[in-house]
Amino acid sequence: MKIINKETRSATCGLKKDLQPTRKQTYSDNTLSQKEKQLVRRFDGKPVGYIEDGILKKRVQASKHMLRIPRGWAWDKDILEEAVAEGILKTEIFDTEREVAYSANIQDILEKGQEVNRGYGLQIVLHLYLWKKKKQKINEIQPMLRLI
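Residues numbered from 1 in each chain as written. Predicted model: local features only at pLDDT ≥ 70, side-chain atom pairs only at ≥ 80, totals over all residues. Heavy atoms only, no water.

## Regarding the overall build of the protein chain
Turning to step 1, where the next piece is worked out: Scanning the protein chain from N- to C-terminus turns up three helices and 14 strands.
Turning to step 2, where the next piece is worked out: With 148 residues in all, the protein chain has 41% of them scored as buried.
Turning to step 3, where the next piece is worked out: Sequence separation of at least 24 residues holds for 57% of the intrachain contacts in the protein chain that already meet a minimum separation of 6.
Turning to step 4, where the next piece is worked out: Of the roughly 9,100 Å² of accessible surface on the protein chain, 48% is carried by carbon and sulfur atoms. (Helix = DSSP H or I, 4+ residues; strand = E, 2+ residues; numbered from the N terminus. Buried < 20%, exposed > 50% of the residue type's maximum accessible area, 1.4 Å probe, protein only. Contact = heavy atoms within 4.5 Å. Areas by Shrake-Rupley, 256 points an atom, 1.4 Å probe, with all protein chains shown as cover.)

Take a look at the structure:
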C-alpha cells in the first residue's frame, strides 16, 4: 500500500499473557501499481498478503488460518483501513487446501466484522457465511511471492 511520508503505527504482538504494546514500526514509501503485485506487511514487517488488480489478496491454508470461533476469515484492522484509504474496495482470500476463493467488500468487513485480538494485533473477522465463495483451480491463480 502506498504510505506517504513515513508513518508509524503500533499494535500488540506475542502471546496472550504478553499483550504489551510494541514499539512503533516505521515504513518507507511504497508505490502502488494496478498491474504489479505489491506485498502487504503487518505491523512487525511480516508479509501477510498482496495487492493485485486493485484487490487485497492473500493465500492461506484453512486448517491453519481460518478462525474457528467465530468461524470466519480475519485481516489486520490497520491493513483494511489503509486499503480503504488507498481506494481498494475488495479483498480475496484463497484457500490452497480446498482451492476456494473467498471474496468480500472491505467496507462490509469493517462494518459487519467482529474485532478480535489473539496475540497478533487487532484484527477484524468476518463470519464465513458473509463471504462469497468461488471454486478455483490452484493453477488458475498466478503464483504468489514465496515470502507469503
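## Overview of the sheet that holds strand 11 (residues 100-105)
Turning to step 1, where the next piece is worked out: One open sheet accounts for six strands, arranged 5-6-7-10-11-14; its pairing is mixed. Edge positions in the sheet fall to strand 5 (38-41) and strand 14 (132-135), since each has one partner strand and no second. Sheet twist, expressed as the average angle between the axes of neighbouring strands with direction ignored, equals 30 degrees.
Turning to step 2, where the next piece is worked out: Judged from the six bridges that link them, strand 10 (residues 90-95) and strand 11 form a sheet pairing that is antiparallel. Within the sheet, the bridge partner assigned to Ile93 lies in strand 11 and is Tyr102.
Turning to step 3, where the next piece is worked out: Against the sheet, helix 2 (residues 77-85) engages strand 5, strand 6 (47-52) and strand 7 (55-60), with an angle of about 150 degrees to strand 7. (Pairing = 2+ DSSP bridges. Axes fitted to C-alpha atoms, helices over the stretch in contact; angles between N-to-C directions.)

## Concerning helix 2
Turning to step 1, where the next piece is worked out: Within the sequence span of helix 2, burial applies to Ile79, Leu80 and Ala83. Viewed end-on, helix 2 has its buried residues packed into an arc of 100 degrees, placing them on one side of the element.
Turning to step 2, where the next piece is worked out: Residue Gly87 follows helix 2 closely and has a positive phi angle near 90 degrees. (Arc of directions from axis to C-beta.)

## Side note on the environment of Pro70
Turning to step 1, where the next piece is worked out: By the element assignment, Pro70 lies in the loop between strand 8 (67-68) and strand 9 (71-76).
Turning to step 2, where the next piece is worked out: The exposure class assigned to Pro70 is buried, which follows from its relative accessible area of 12%.
Turning to step 3, where the next piece is worked out: Taking C-alpha positions, Pro70 is 7.8 Å from Val125, a pair spaced 55 residues apart along the chain.
Turning to step 4, where the next piece is worked out: Those residues in contact with Pro70 that lie beyond four places of it in its chain are Gln114, Arg118, Val125 and His127.

## Here we look at the pairing of strand 7
Turning to step 1, where the next piece is worked out: Counting buried positions along strand 7 gives five out of six residues, so the element sits mostly inside the fold.
Turning to step 2, where the next piece is worked out: Pairing between strand 6 and strand 7: three bridges, direction antiparallel. Considered in strand 7, the bridge of Ile51 is made with Leu56.
Turning to step 3, where the next piece is worked out: Where strand 6 folds back on strand 7, the antiparallel hairpin that results is connected by two residues, among which Asp53 adopts a positive phi of roughly 55 degrees.
Turning to step 4, where the next piece is worked out: Bridge count for strand 7 against strand 10 is six bridges, and the pairing is parallel.

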